[in-house]
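Commentary on secondary and tertiary structure
Chain by chain, the residues:
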Amino acid sequence: MTIKLQLIIILLLLSKFTFSQNSRGLVVNVSADDKIKNSKKYALVVGGNKYDNVAWKNLNNAEFDAKKVASVLDSKYGFECELLLSPQKGDFEDKIIHYHNTLQEEDRFLLYIAGHGDFENKYVHDGFLVFKDSKAPSEDLFHNSYLSYGTFNNILNALPSKHVGVVIDVCFGGAFNDQLVKSRSGFSSYAERTPQEFTKNKLKKNTRVYLTSGALEAVSDGKPGQHSPFCYRFLNILEKEREDSFPITLSYIYQNLLDNSSEAVYGSFGKNSPASEFILGSRKDHRSKEMDRLLATADSLYYKGEYKKTFEIYLKVASEGDPEAQYGIGFFYEAGSGVPRDFAKALEWYLKAAQNNNENANFSIGNLYYHGRGVTQDYKKALEWYTKAALYGNSDAQYAIGFLYDYGQGVTQDYKKALEWYLKAAQNGDSDAQFSIGNIHYYGRGALKDHKEALKWFILSAQSGNHEALNEIGNIYYHGDGVKKNYSTALEWYLKAAELDNADAQCSIGHLYQDGRGVKKDYPKAIEWFKRACKNGNEIACRKVN
């Protein structure tokens, strides 16, 4: 459906935790006598775009939203995330059973679900989650191929963890609790308490609270390939550090949604303690303040060219299990910065970071296999690692997958699949992907030849300084492809590309001066440009000057 009724409900079952008085935000005190020291943070993130029954129209953004939410929860909040995309009902139930058998009492578990929902008010009067294999409502009057909110609520309450959070972004999610509280539920001022005092106090309370993206009005599903409006705002809040250093809470998110186009609702239900709060945590609650300070120092040293000192600091932080630092060590070994270049050691450290869900490490491992650095060149393995990184929304990995399909490396050449992956990367601002889409439309590979569409994508890429795109725009005006031929305009674009040492553009400028197109004939200037192009490797220009 193009319009869906979105609802976000978060159910929280919080327990008593001990926190360090010197911590920044939500940092668990891991003293030896503290039960929480071995606790873990898990997240199951579900997104359903595809549905077998025509009664349920395929969605555009649910999987895209889920992948990005998983990426943020992993990289910013330290959750161990598992993605489940367009699952059947049985797949979802198996995962929940897995967590029933895996979670410990002090673990934290967050469940995020995006997709279709339904409400039946004649036979059972309940809301339901819809799955890939759910039947049409007319074929399943009692909704046995769905999961009712009543059963869903009971399943969540029975989880062994004290701390459970649920985010539901589906149609008719309001049926999870049919008495929406249209008030602020007694928000209290944080001004007279420190973040540590606030956190310690709130986590003593039993909490049952929810947040909805709207009451019962319809809200936009968003454009294909973009997040739903609510998810966009939700992620934006999660990805920013609070200026007052307090941890991110559900009520804080609500307060920042009051100006949203739909009317957000926040309230409590069940056995909720007065003045309770759901605390997601500080954006960097999985890394200590000292580690942050060390990495900031390392970054400063790196930009000063002091690579050896930078490496030593990264090695110290990496030894504490920090995935970003582990990735950094791999980078130093791959680049040979501060240490001798060693692709085998680079792979070793990338693998450690990848095991900690570092998306950049997954991408870098893919690159090692693609180029055969420290390993046997293997395009199929490169694709496997690129795909892992792409699940987190990594635009470089999305582009790389598109490139493999574009040129048939490790896969059967498939221009349509290449275009699909390029579009994902382009929507994340990747200028190389935007340039490649321009090429696909220019030459008609996997799409109808459309020079105007190609120009649009080349211009998008050029805005990020892509010299190849700048050169191609010059070519379009030089040849008059989809536009009126204009040598002067071609020259303008060629000059922009030439400033970035694009040899083809420099050679083309030489030809314009040689032939007097768009400029007066000037053979010395032509030779000057041919020499510059030759120096940058253009063979045609080299033949002109030799």
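To be clear, the structure that these remarks concern was listed above.
Described in the following lines is the structure provided in the data block. Everything numeric in this text was worked out from a predicted model, so none of it was measured.

Rules and cut-offs
Along every chain, residues carry numbers that run from 1 in the direction the sequence is written. Per-residue local features are limited, in this predicted model, to residues with pLDDT of at least 70; the limit for side-chain atom pairs, both in listing and counting, is 80 or more; totals at the level of whole chains, interfaces and linings are taken over all residues. Working from all heavy atoms in the structure, the side-chain values ignore hydrogens and water. Lining residues are defined by having an atom within 4 Å of a point belonging to a cavity or pocket. Those points lie on a 1 Å grid over the protein atoms alone, cavities being sets where a 1.4 Å probe fits but cannot get out and pockets being open sets with protein on both sides within 12 Å along at least five of seven lines. Grid points are joined across faces, edges and corners, and a volume is the space filled by probe spheres set on the points. Every helix listed is a DSSP run of H or I at least four residues long, and every strand listed is a run of E at least two residues long, numbered separately from the N terminus. Each residue is assigned to one class: nonpolar for Ala, Val, Leu, Ile, Met, Phe, Trp, Tyr, Cys and Pro, charged for Asp, Glu, Lys and Arg, and polar for all the others, Gly among them. Throughout this description, buried means an accessible area under 20% of the type-specific maximum (1.4 Å probe, protein chains only), exposed means over 50%, and partly exposed covers the range between. Working rule for contacts: check all heavy atoms of both residues, and any pair within 4.5 Å makes them a contact. Here the term patch refers to residues with relative accessible area over 30% and no salt bridge, with like charges joined within 9 Å and nonpolar side chains (Val, Leu, Ile, Met, Phe, Trp, Tyr) within 5 Å. Working definition of accessibility: Shrake-Rupley area with a 1.4 Å probe, residue cover restricted to the visible protein chains. Should a side-chain nitrogen of Lys or Arg be within 4 Å of a carboxyl oxygen of Asp or Glu, the pair is scored as a salt bridge. For the purpose of charge, His is not counted, nor are the chain termini; Lys and Arg are scored as positive and Asp and Glu as negative. To locate a charge, take atom NZ for lysine, CZ for arginine, CG for aspartate or CD for glutamate. Pairs of strands are assigned from DSSP output, requiring at least two bridges between the strands. If the strands point away from the viewer and the path from the first strand over the helix to the second runs clockwise, then the crossover is right-handed. Here, nonpolar core means buried Ala, Val, Leu, Ile, Met, Phe, Trp, Tyr and Cys residues that are tied together by side-chain atoms lying within 4.5 Å of each other. The axes used here are C-alpha line fits, helices contributing only the stretch in contact, and every angle between their N-to-C directions lies in the interval 0 to 180 degrees. Take the far helix as your reference; a near helix turned counterclockwise from it by less than a right angle gives a left-handed crossing, and one turned clockwise gives a right-handed crossing.

The next subject is the layout of surface pockets. Where empty space is left in the structure can be found by rolling a water-sized probe over the atoms. Roughly 780 Å³ of internal volume is contained in the second largest pocket. Forming the walls of the second largest pocket are 25 residues, and the residues nearest its centre are Asn49, Asn60, Glu63, Lys67 and Lys424. When contributions to the lining of the second largest pocket are tallied by element, the ones reaching two or more residues are helix 1 (62-77), helix 12 (379-390) and helix 14 (415-427). Of all the elements, helix 14 adds the most residues to the lining of the second largest pocket, at five residues. Among the residues forming the lining of the second largest pocket, the class breakdown is nine nonpolar, ten polar and six charged.

With that settled, the discussion passes to the environment of Ala382. Following the sequence through the fold, Ala382 ends up in helix 12. Given a relative accessible area of 0%, Ala382 falls into the buried group. A sequence separation of 20 residues divides Ala382 from Asn362, and the C-alpha atoms of the two residues are 9.5 Å apart. The contacts of Ala382, once residues within four sequence positions are left out, are Gly366, Tyr369 and Tyr370.

To continue, consider a negative patch on the surface. A contiguous patch of negative charge, built from Asp396, Asp432, Glu468 and Asp504, is present on the exposed surface. Of note, Asp504 is situated in helix 19 (residues 503-515). For Asp504, a relative accessible area of 45% translates into the label partly exposed.

In this section: a nonpolar patch on the surface. Among the surface-exposed residues, Tyr123, Leu141 and Phe142 lie close enough to one another that they form a single nonpolar patch of about 310 Å² accessible area. On the secondary structure map, Phe142 appears in the loop between strand 6 (126-129) and strand 7 (147-148). Judged by its relative accessible area of 49%, Phe142 is partly exposed.

Here strand 2 (residues 41-47) pairs with strand 3 (residues 80-85) via six bridges, running parallel. Across the sheet, the residue bridging to Ala43 is Cys81, located in strand 3. This β-α-β element, strand 2 to helix 1 to strand 3, shows right-handed connectivity.

Counting residues in each nonpolar core, the largest one holds 50 residues, and the members touching the most others are Tyr314, Ile329, Tyr333, Ile365, Tyr386 and Ile401. When neighbours within four sequence positions are excluded, Ile365 is seen to be in contact with Leu347, Tyr350, Leu351, Ala354 and Trp385. Membership of the second largest hydrophobic core comes to 33 residues, among which are Ala70, Phe79, Tyr146 and Tyr252.

Moving on to the packing of helix 8 (residues 307-318) against helix 9 (residues 323-335). Where helix 8 meets helix 9, the axes come as close as 8 Å, and the angle between the chain directions of the two elements is 145°. Two packed elements cross with a definite hand, and for helix 8 against helix 9 that hand is left-handed. Here Tyr307, Thr310, Phe311, Tyr314, Leu315, Val317 and Ala318 of helix 8 come into contact with helix 9, specifically with Glu324, Ala325, Gln326, Gly328, Ile329, Phe332 and Tyr333.

A few words now on the pattern of salt bridges. Pairing of side chains with opposite charge becomes possible as their charged atoms draw close. Enumeration according to the criterion identifies eight salt bridges in this entry. Across the pair Lys95 and Glu82 runs a salt bridge, and its minimum N-O distance is 2.3 Å. On the criterion of sequence distance, the pair formed by Lys95 in helix 2 (residues 89-102) and Glu82 in strand 3 is long-range, its members being 13 residues apart. Of the residues examined, Lys95 reaches a relative accessible area of 23% and is grouped as partly exposed. For Arg445, the salt bridge is made with Asp406, and the minimal N-O distance between the two is 3.2 Å. Placement of the pair is Arg445 in the loop between helix 15 (431-443) and helix 16 (451-462) and Asp406 in helix 13 (residues 395-407), with a sequence separation of 39 residues.

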